[in-house]
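# Observations on the model geometry
Take a look at the letters that make up each chain.
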Amino acid sequence: MKKLHYITCFLSILTALSLGSCKKYGFDIADGYGTDTLQQNITVDTTDSRPDYSMLAKARIFPGLVDASEPRLDNYEVTLNLNYHNEAYNRLRISVIPEPVFNTGMYAGPGEPVTIVVPEGVKGLICQIGMWTDNLTSKTPRRREPIIYDRKMLFPGVNHVRNLFGGNIYIVTSFPIEQPVKLSFTGACKSPDFELGKTDPATWKAEIAASKVPWFEFYSGHIDFTLPTSKMVDWLQKHPDVDPVTQLQAWDQIIEKDYNEWEGLSDTASDDIDKPINLAWRVVLDIDPSVGYGHNGFPVVAQDDNEWFSASMIATDTVSIWGTLHEIGHNNQQGSYWSWSTLGETTNNLFSIKRAHRIGIKNVAALHPALPGAAEDGLKYTSQDDAGKDFDKDALVNSPFTRMIPFMQLFDRIERWDGKADGYGLMSYLYWRARHAQRYSLNDLAMHDFFYEAVCEYTHLDFFKFFQAWGIQVSSQARNEMSNQYVNKLQTDIWNYNPLTRQGGNNVIDYTVKRTDWIVSSLSPSDTQNDDEETTGEGSGNGKFSELLDGNNSTYWHSRWSSAATGLPHVLLFDLSEVQTANGIYFIQRAAGSRNAKTLKIWVGNDPDDMELVTDPTFELAKNSNRQEFSFGGVKNFRYFKVEFDDGWDGSQYIAMAEIGLY
C-alpha cells in the first residue's frame, strides 16, 4: 500500500508540471501540434501529384526537355515480365552483378507528375525515373546537377511519381514475381525504345525520327543501352541501311559467347552456381561521369559522345569496341580469387581479346594502340635472367597492357590436358574454379598460387618455368604440390611467344641442372658451423662439397677434422634448384679406401622440412671405388635429397666420398 501511495503521488506531480508547462508557454497541445503554428493553403506538394518546374532550366541542360507537342498518355497499360533467377547473393563471385531493373517504355517529362496504377496484391515494386545514377555531389566543377534520378516505392492502387529532371521510367523489383504484371500509366510519354525480337525496325526508325523524347532504350535480353535520341537520329541519317536487329544480335553474342560461356556458364548447367544471370547489363551515356571517361558498375556509365554511342551500333564490325568491353569486363572480374591487385586494369581487357579471337580479327595489335609496345616490353622482360624478377613491381612490366601478354600467350599456345579445348578454355576453368572455391584468396601471393594451380590442372603440366620467366612468384607449398602432382612439365619456352605476330616460343626447354650448380649444405648434428667440409687439411682440390659434384673420381669430399671436428652422423642436403626426375642415386667412394661410408639413409622430396625416407635399415655401400647405385624402385620427382652417413668401414668418426649423383 505504501508503494502504491508513492507511485500515485509521483504521477500527480508529473501531471501538475505538464499543465504548468503548457500554461507557461501558451500552447494547447492536445494532438502534439501547436495550433498557432498551423498554416492554411499549403502549396508544397508532398504527393508528387502536381507539376513542379523549379528545375526546368537545369533539366534543359541535361538530360533535356520533352516538347509540349509530344503526347502525354492516359491510362496506358504496360505488361511487364518481372520474373528472373533470384540473385540475392553473388553466386558468380564477380565484381558487379546485373540488377532487376525493367524497362517500361515510358518517359517522364521534367517535373511532370506521372500516375501509376499497381494491381492489388502486387508488392515489392519500386519506380525509378532516370538511369543517370552517378552522384556528383563531391565533384567540382560539374556539368550537371549532382543527383538527377529518383526512386519511389510503389503500392497496390494509385501511385504518383515525379522527377524534377525527368527520365526513362523503370520498375525495380525487390524479388522475382512469377506472373506478368500489368501497370497503367497516365501523364507519361512513350519512349522510342527498340527491343530485340519485338520492335519492327522500319516502324522504329520512323518513330524515333518523329519523337520529341530526349532519351530511349536500345536493348536485348543481355544488354541495354540508354542513349540520346538525337544521336540515334543523326546516326540513322548517316547510316540509313543500318539494321538494329543485327547490331543487338551481335551484342547478345558478345555477352553470351565472350562473357557468359567464356566464364564457364550455361543455362543447362547442373549446378545453379554455373548458370548465367538472366538480367541485362546496362550502359548509360552521361555528360559528366563521376569517374574519368567512363566507369564500371550497374549501370556502366560512359561519356555522352560519339565514340561511346557508336559502340552500340558497330558490334557486327571487325573493329575495336574496347571501352564498352573494358567496363563490362571490370564488372566480371574475380578480384577475390585470382585477379590480383596489379591486374585491376588488365584482366578486364581480356574480353576484347576473346571477342577478336571469336570473330576472326587477325590484326590484334589494332585493338588498342598500347598493345605493340606492351608485347615488346613483355618479351624483353621474359628474356632477362629470372633471378629477382617481380611481375607486380618491376618497371618493365608496370603497365596493364604488358601484363596482358602472359595471358595472351597462354590462350594461343596451350590446350587442355585431354586435347578437347584450346588455351581460351583456361579462362572458363579459372572462373569455374573460383565459383567452386572453398575460400577467398587472402592476398596477392594466394592469387598467384590460384592461377598457377589452375594452369597446371588445366594442362596436367607443371608450368613453374613460365611463371618464373614472368616473375609471377608462387609459394613453395604450391610449387611443391604441383611438381608432385604433375610429373610432366611445359616443353617449350612459350614465354617468348609474341601473340601479336604469332611467332616465337618454340624452343625446347632444357630442364637439366648441371650437377656443378647443385647446392650442398650441412645438417650434421655435431656441425656447429654448418659447413661439414674440410677446406684445408686434405690439400688442394680435396675436402670441399664441390668435389662431390665435379665429375672427377680422383677428388673427394671429406668431413671436417682439422678444426671444430664433426662426428657421426654426417648429414648433407642437396638442393637441385629444379625438380628433377630420377630413378635413383649413385655413389663413388674415395679411391684410397680410407674413410669409406658404410651404412647410410636417403630422403627425397620438394620440401627440405618434409621429405620421404627411401632407404631401408639394411642398405649399405661396399668398400670399393666402383659406381654403386641405389634404386628408388621407380621414377621419382624431387628438388631436394638428403644423405645421412651413419658409420664407415674403418670405424672412424669421419667420412669421405668422391662423387654423388642421380641417374
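Per an unreviewed UniProt entry, the protein chain is named F5/8 type C domain-containing protein, and its organism is Arachidicoccus rhizosphaerae.

Attention shifts here to the environment of F619. By the element assignment, F619 lies in the loop between β20 (610–613) and β21 (627–645). For F619, a relative accessible area of 14% corresponds to the buried category. Spatially, the C-alpha atom of F619 lies 6.4 Å from that of T599, the residues being 20 residues apart in sequence. Ignoring sequence-local partners within four residues, the contact set of F619 consists of T599, L600 and F630.

This paragraph deals with the domain arrangement of the protein chain. As assigned here, the protein chain comprises domain 1 (55–313), domain 2 (340–496) and domain 3 (515–662). Inter-centroid distance (C-alpha atoms) of domain 2 to domain 3 is 39 Å. With 9 residues of domain 2 at the contact, the number on the domain 3 side is 5 residues. Taken over both partners, the interface formed by domain 2 and domain 3 buries close to 670 Å², and the fraction arising from carbon and sulfur atoms is 35%.

Before going further, it helps to examine the UniProt feature "domain: F5/8 type C" (unreviewed entry) in the protein chain. In the UniProt entry, the feature "domain: F5/8 type C" (unreviewed entry) is given for residues 512–662. Secondary structure content for residues 512–662 is 0% helix and 41% strand, while the C-alpha to C-alpha distance between its ends is 12 Å.

Next up on the list: the environment of A565. Checked against the element boundaries, A565 lands in the loop between β17 (557–558) and β18 (570–588). We classify A565 as partly exposed; its relative accessible area is 38%. A sequence separation of 465 residues divides A565 from P100, and the C-alpha atoms of the two residues are 78 Å apart. Leaving out residues up to four positions away in the same chain, A565 has contacts with R560 and Y654.

Take the packing of helix α7 (residues 322–331) against helix α8 (residues 350–359) next. Taken N-terminus to C-terminus, the directions of α7 and α8 make an angle of 125°; their axes are 8 Å apart at the nearest point. In this view, α7 runs oblique relative to α8, as classed from their interaxial angle. Counted together, W322, L325 and G329 of α7 and F351, S352 and R355 of α8 form the full contact between these two elements. Tallied by class, residues from the contact of α7 with α8 come to 3 nonpolar, 2 polar and 1 charged.

Here, the residues flagged by UniProt with the feature "domain: Peptidase M60" (unreviewed entry) are residues 99–415. In the segment residues 99–415, helix accounts for 27% and strand for 21%; the C-alpha atoms at its two ends are 36 Å apart.

Moving on, we come to the confidence of the model for the protein chain. Note that predicted coordinates carrying low pLDDT should not be read in detail. Counting all residues, the mean pLDDT for the protein chain is 92, and 92% of those residues have values of 70 or more. Long-range and interchain partners of residues 13–25, a stretch whose pLDDT sits below 50, account for 1 contact in this model, where long-range means more than four residues apart.

This brings us to helix α12 (residues 444–459). Its 16 residues give α12 an end-to-end C-alpha distance of 23 Å, which sits within 8% of 22 Å, the value for a rise of 1.5 Å per residue. Counting buried positions along α12 yields 13 of 16 residues, so the element is predominantly enclosed. Two or three places before L445, at the start of α12, stands the capping residue N443, its side-chain oxygen 3.3 Å from that residue's backbone nitrogen. Where α12 ends, the next residue or the one after it, H460, has phi of about 60°, a positive value.

One open sheet accounts for 5 strands, arranged β5-β4-β7-β2-β9; its pairing is antiparallel. Unpaired on one side and paired on the other, β5 (150–153) and β9 (189–190) mark the two borders of the sheet. For strand β4 (residues 125–129) and strand β7 (residues 167–173), the ladder comprises 5 bridges, and the chain directions are antiparallel. Each bridged residue has a counterpart across the sheet, and for I126 the counterpart in β7 is V172.

Right, let's get into the packing of aromatic side chains. Scanning the model with the defined rule gives 40 aromatic pairs in all. Both rings, one in F638 and one in F641, keep their centres 6.5 Å apart while their planes meet at 85°; by these two values the pair is edge-to-face. Each member of the pair, F638 together with F641, is buried. Here the aromatic residues W338, W340, Y381, F391, F407, Y431, F451, Y452, F463, F466, F467 and W470 are joined through ring pairs into a cluster of three or more. Above the ring of Y381, the side-chain terminus of K389 is found at 4.8 Å from the ring centroid. One Lys or Arg, R627, reaches over the ring of Y586 and ends 3.9 Å from the middle of that ring.

We now examine the pattern of salt bridges. For the structure on display, the rule yields 34 salt bridges. Its salt-bridge partner being E145, residue K58 comes within 3.5 Å of it at the nearest N-O pair. Taken together, the residues K58 in helix α2 (residues 56–61) and E145 in the loop between β4 and β5 connect sequence positions 87 residues apart. Overall, K58 belongs to the partly exposed group, its relative accessible area being 39%. Here R416 ties to D418 by a salt bridge, and the two come within 2.8 Å at their closest N and O atoms. Its relative accessible area of 27% is what places R416 among the partly exposed residues. The network of salt bridges with shared partners includes D462, K465, R479 and E578.

In this section: the environment of I353. Relative to the helices and strands, I353 resides in helix α8. The class for I353 is buried, based on a relative accessible area of 4%. Along the primary structure I353 and W322 are separated by 31 residues, whereas in three dimensions their C-alpha atoms are 9.5 Å apart. When sequence neighbours within four positions are dropped, the list of residues in contact with I353 reads V364, L367, M404, M408 and Y424.

Another aspect to go through is the pairing of strand β15 (residues 300–303). One ladder, built from 4 bridges, connects strand β13 (residues 281–286) with β15; its direction is parallel. Opposite V283, over in β15, you have V300 as the bridge partner. By the bridge criterion, 2 bridges tie strand β14 (residues 294–295) to β15 in an arrangement that is antiparallel. Bridging from a neighbouring strand, G294 pairs with A302 of β15.

A few words now on the pairing of strand β11 (residues 215–219). When you tally the buried positions in β11, you get 5 out of 5 residues, the bulk of the element. Residue alternation in β11 divides its side chains into two sets, W215, E217 and Y219 and F216 and F218, and both sets are buried. Sheet topology places strand β10 (residues 194–195) next to β11; 2 bridges connect them, and they run parallel. Each residue of the ladder has a partner; that of E195, found in β11, is Y219. In this structure, β11 lies alongside strand β12 (residues 223–228), joined through 5 bridges in antiparallel fashion. In the strand pairing of β12, E217 is matched with T226. What sits between the antiparallel neighbours β11 and β12 is a turn of 3 residues.

Rules and cut-offs
Residues numbered from 1 in each chain as written. Predicted model: local features only at pLDDT ≥ 70, side-chain atom pairs only at ≥ 80, totals over all residues. Heavy atoms only, no water. Helix = DSSP H or I, 4+ residues; strand = E, 2+ residues; numbered from the N terminus. Buried < 20%, exposed > 50% of the residue type's maximum accessible area, 1.4 Å probe, protein only. Contact = heavy atoms within 4.5 Å. Domains from an automatic or database assignment. Buried area = accessible area lost by both parts, 1.4 Å probe. UniProt positions renumbered as here; feature names shortened; annotations may be inferred. Axes fitted to C-alpha atoms, helices over the stretch in contact; angles between N-to-C directions. Parallel < 35°, antiparallel > 145°, perpendicular 65-115°, else oblique. Nonpolar A, V, L, I, M, F, W, Y, C, P; charged D, E, K, R; others polar. pLDDT = per-residue confidence, 0-100. Expected span 1.5 Å × (residues − 1). Polar contact = N/O pair within 3.5 Å; in protein donor to acceptor, adjacent residues only side chain to side chain. Pairing = 2+ DSSP bridges. Phe/Tyr/Trp six-rings, centres within 6.5 Å; stacked < 30°, edge-to-face > 60°. Lys NZ or Arg CZ within 6 Å of the ring centre and 35° of its normal. Salt bridge = Lys/Arg side-chain N within 4 Å of Asp/Glu carboxyl O.

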